[in-house]
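# Descriptive structure summary
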Amino acid sequence: MKKLIALISIFVLAISCTHEPDGPRVHLELVPVETVVLPTTFTANTVNEIEVTYSKPSSCHGFEGFYYTKDASTRTIAVLNYVIEEQGCLPLLNQLQTQTLRFKPEIAGTYLLKFWKGKDANGVNLYEEFSVVVQ
């Protein structure tokens, strides 16, 4: 019984200690797409490169990757940035960044690509949509 109480005490002590992370805090944020450049043809089982341009909001934003979901033949895509939470972030105007999305459809057919453009005044998501034929 004493061993069990000692073990539980050690466990409680271990989980009650909190460790503050070193360095600045970071969170993820979706950034609206400005423009999209698509190839003229898409091929199944091949990487098709799509150029996606967005406006970098501040000096504390950096490219993390793409938010990407699949639903049947619809793909919803947004730019994902990390944001360093620190004082001294400078807002940036017209700081366009271009990243390449590598789209590899597995089967031929028609796909709907929806690129997130932000939200309207009512908080409704806006998308720029492209219907592409994959051969």
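I will try to describe carefully the structure that is included in this document. (Residues numbered from 1 in each chain as written. Predicted model: local features only at pLDDT ≥ 70, side-chain atom pairs only at ≥ 80, totals over all residues. Heavy atoms only, no water.)

Core analysis: the largest hydrophobic core is formed by 18 residues, its most contacted members being Ile50, Val52, Leu113 and Phe115. At the level of secondary structure, the elements contributing two or more residues to this core comprise β2 (33-37), β3 (48-55), β5 (74-85), β6 (96-103), β7 (109-119) and β8 (125-134). Look past the residues within four positions of Leu113 in its chain and what remains in contact with it is Leu38, Ile50, Arg75, Ile77, Phe103, Glu128, Glu129, Phe130 and Val132. (Core = buried A, V, L, I, M, F, W, Y, C linked by side-chain atoms within 4.5 Å. Buried < 20%, exposed > 50% of the residue type's maximum accessible area, 1.4 Å probe, protein only. Helix = DSSP H or I, 4+ residues; strand = E, 2+ residues; numbered from the N terminus. Contact = heavy atoms within 4.5 Å.)

Right, let's get into the environment of Ile84. Within the secondary structure, Ile84 sits in strand β5. Sequence-wise, Ile84 and Val26 are 58 residues apart; in three dimensions their C-alpha atoms are separated by 4.6 Å. Dropping the residues within four chain positions of it, Ile84 is found in contact with Pro24, Arg25, Val26, Cys60 and Cys89.

A few words on the pattern of salt bridges. Across all of its chains, the model carries three salt bridges by this definition. For Arg25, the salt bridge identified is with Glu85, shortest N-O distance 3.5 Å. Of this pair, Arg25 sits in strand β1 (residues 25-31) while Glu85 sits in strand β5; the two residues are 60 residues apart in sequence, bridging distant segments of the chain. You can call Arg25 exposed: its relative accessible area is 60%. Taking the relative accessible area as the measure of exposure, Glu85 reaches 36% and is therefore partly exposed. For Arg102, the salt bridge is made with Glu49, and the minimal N-O distance between the two is 4.0 Å. Placement of Arg102 in strand β6 and of Glu49 in strand β3 is noted, with a sequence separation of 53 residues between them. Using a relative accessible area of 56% as the deciding quantity, one classes Arg102 as exposed. (Salt bridge = Lys/Arg side-chain N within 4 Å of Asp/Glu carboxyl O.)

Below, the discussion takes up the sheet that holds β2. Strand order in this open sheet of three strands is β2-β3-β6, and the pairing throughout is antiparallel. One side of each edge strand has no neighbouring strand; the edge strands of this open sheet are β2 and β6. Within the sheet, the average angular offset between the axes of one strand and its neighbour, ignoring direction, is 25 degrees. (Pairing = 2+ DSSP bridges. Axes fitted to C-alpha atoms, helices over the stretch in contact; angles between N-to-C directions.)

Next up on the list: unusual backbone geometry. Phi angles above zero are rare outside glycine, and Asn45 is one such case at about 60 degrees. Tracing the chain through its elements places Asn45 in the loop between β2 and β3. Take Asn45: its relative accessible area is 52%, and that puts it in the exposed class. Although it is not a glycine, Ala72 sits at a positive phi angle of roughly 55 degrees. In this structure, Ala72 sits in the loop between β4 (61-71) and β5. By relative accessible area, which is 70% here, Ala72 ends up exposed.

Such coordinate-based values are descriptive only and should not be taken to indicate function.
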